[in-house]
Amino acid sequence: MRARTIGARRLTYPILALALALPPLAVSQPAQAAPHADGDSIRQVSTAVSAEAWAAGRQLHGAQVTAHAAIEAYWTPERMRNAKPVEESPAYKAAARRFAESGGTSSAAPTNRSKPVNVPPVAGLMGAPGNSTQAINPNLGSNHPTARTNGKVFFNMDGGSWVCSGSVINSVGYNTVWTAGHCIHGGPGSSLATNWSFVPAYDDDLANPRPHGTWTARELWTWSSWIDSSNWEADMAVAIMNTRNGVHIVNQFGGHGFRTHQGFTVGINNFGYPSDAPFDGGNLMRCSGNSTKSGARIRINCDLTAGASGGPWLINWDGNWGYLNGVNSTLNSYAAPTLWWSPYFDDTASDLYTFTAPR
C-alpha cells in the first residue's frame, strides 16, 4: 500500500494496475483510504469491465482488446439511447427517500480546516474559439471550450444502464473529470459502477453524437460517507480518465478551474444533459442564477430534469471557462423540477480535489 498525507490526515490507497486484454473482471470491493479525523474517507470504486463489454470489444478488435476499447465498443448508439437518467434508479430514489425521512436537513457546519483550493482554468490543445450566445440551450459548437469540457456519462449499475453529466477540471495529473457521487456508486445496498465512460460535447443533433470519441475511466473516487450512508453533503466524485491516443483529457480539451470556500450565495451557471421531458438528453443545457444556503448545502432555481446529475456548477463563467464550485446532486421534483442542490464545496471538496488531482 502507498500512503499520502493531506494536511494532518494520512490516506492510504492501493497501487492500481489496469487490467488489459484479460478475461472478464469480477466486480471487487472498493479500496478505502485511511479514515479522516471525522471518520470519513476517500474511497476508490472498482472500474471493472463487464463480460458483455469484453465480448463486444473482442468482436470488434480481436483477442487483444484493451479495457478502454472494450468499454468504447460496448456503448453502442443503441445502448446510449436506451440508458436512463440515474435519478430514476432504485438506488438514487432510495437514498432520496432516506434523506426525506430524516427531515431533509443537516445541522453540520461547513468545514474550513484546510486552505481553500483555487485552481485556474486551462485552455488545452484545442484553444479557445471565443464567446457564444448564452441561452437555455447555449447551442455551443462541439469545439467550444464549454461544450468540449462538458459531457454525458454512461455506466452500468445494479443491472441497469444509466446516464449522468460531468465536466473536465484542470489538475496536475491532467486526467480529471468531476461528477456526483451517485454517478459512480449507488450508496448503501447498491453496487459499483461498471463500464464507466465520458463523452465530451455529446450532441445527438450531429451525424456523429460523439465528436471527440469516448473516454474511459481507470479510477473512480468518492467519499465513504456517500457509499455507506448516502451523505448528500459528500455527493461528489472524481473519475481519473485513461489517455486516448496517448493524450490526457485535460491536455486535449482544457479544463475548468476549481474553487472552494466561496460562500453560500454566489452566481452559478449550471450545465448538464437533462433527459426527461421537455428535454431528450441529446444536448448540453444551461441555467443560471444565484445560489442560496440550504442546510449545509446550496441550491439554485433551475428546471433541468433528471440526467443532469453530476453536471458542473461554474462560478465566474466568462462564456468559455469557469471554476467548479458544485455539482448537480438532488432535485425537488422528477416531473417538473424547479430546484437543484449541490454539496457546499468546503474541505470535503478541497480534500477530494487535492487527493485526486495528481493521479
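Residues numbered from 1 in each chain as written. Predicted model: local features only at pLDDT ≥ 70, side-chain atom pairs only at ≥ 80, totals over all residues. Heavy atoms only, no water.

Participant: Provide a residue-level description of the sheet that holds strand β21 (residues 339-343), including the pertinent values.
Facilitator: Pairing is antiparallel in the open sheet, where 4 strands are placed in the order β16-β17-β21-β20. Only two strands of the sheet have a single partner each, and these edge strands are β16 (292-294) and β20 (330-331). Note that β20 and β21 share 2 bridges and pair antiparallel. Bridge pairing in β21 links Thr-330 to Trp-341. (Pairing = 2+ DSSP bridges. Helix = DSSP H or I, 4+ residues; strand = E, 2+ residues; numbered from the N terminus.)

Participant: Give a description of the confidence of the model for the protein that names residues and reports values.
Facilitator: Should the pLDDT be low somewhere, the predicted coordinates at that spot are not to be read in detail. For the protein, per-residue confidence averages 85 on the pLDDT scale, and 82% of positions sit at 70 or higher. Within the model, the stretch residues 1-30 combines pLDDT values under 50 with 77 contacts to residues more than four positions away or in other chains. (pLDDT = per-residue confidence, 0-100. Contact = heavy atoms within 4.5 Å.)

Participant: Go over the state of the cysteines with me, naming the residues and quoting the values.
Facilitator: Inspection of the entire model under this criterion finds 2 disulfides. With a sulfur-sulfur separation of 2.0 Å, Cys-287 is cross-linked through a disulfide to Cys-302. Because the sign of the S-S torsion sets the handedness, a value of about -90° for the bond joining Cys-287 and Cys-302 places this disulfide among the left-handed ones. Taken as a pair, Cys-287 in strand β15 (residues 285-290) and Cys-302 in the loop between β17 (297-301) and β18 (312-315) lie far apart in primary sequence, 15 residues in all. Across the protein, the way the bonded cysteines pair up, counted in sequence order, is 1-2, 3-4. (Disulfide = S-S within 2.5 Å.)

Participant: Can you tell me about the packing of aromatic side chains, naming the residues and giving the values?
Facilitator: Taken as a whole and assessed by the stated rule, the structure comprises 15 aromatic pairs. Measuring from centroid to centroid gives 4.9 Å for Trp-178 and Phe-258, while their planes differ by 45°, and the two rings are tilted. One end of the pair, Trp-178, is in strand β9 (residues 176-179); the other, Phe-258, is in strand β13 (residues 257-259), with 80 residues separating them in the sequence. The same class applies to Trp-178 as to Phe-258, namely buried. Taking 5.6 Å as the distance between ring centres and 35° as the angle between the ring planes, the aromatic pair formed by Phe-258 and Phe-345 counts as tilted. In this pair, Phe-258 sits in strand β13 while Phe-345 sits in the loop between β21 and α8 (347-356), placing the two residues 87 residues apart along the sequence. A relative accessible area of 0% places Phe-258 in the buried class. Taking relative accessible area as the criterion, Phe-345 reaches 0% and is therefore assigned buried. The rings of Tyr-74, Trp-75, Phe-154, Tyr-202 and Tyr-273 are connected pair by pair, giving a single aromatic cluster. A cation over a ring is seen here: Lys-93 above Tyr-334, with NZ or CZ 5.5 Å from the ring centre. When the ring centre of Tyr-323 is taken as reference, the NZ or CZ atom of Arg-259 above it lies at 3.6 Å. (Phe/Tyr/Trp six-rings, centres within 6.5 Å; stacked < 30°, edge-to-face > 60°. Buried < 20%, exposed > 50% of the residue type's maximum accessible area, 1.4 Å probe, protein only. Lys NZ or Arg CZ within 6 Å of the ring centre and 35° of its normal.)

Participant: Tell me about the nonpolar core, and name the residues and values.
Facilitator: By size, the foremost hydrophobic cluster in this structure holds 47 residues, and its most contacted members are Phe-155, Val-177, Trp-196, Phe-198, Met-241 and Ile-249. When residues no more than four places from it in sequence are discounted, the contact partners of Ile-249 are Val-168, Tyr-174, Asn-175, Thr-176, Val-177, Phe-198, Trp-215, Met-241 and Gly-254. Among the nonpolar cores identified, the runner-up in size contains 44 residues, and Val-49, Trp-75, Trp-221 and Leu-352 belong to it. (Core = buried A, V, L, I, M, F, W, Y, C linked by side-chain atoms within 4.5 Å.)

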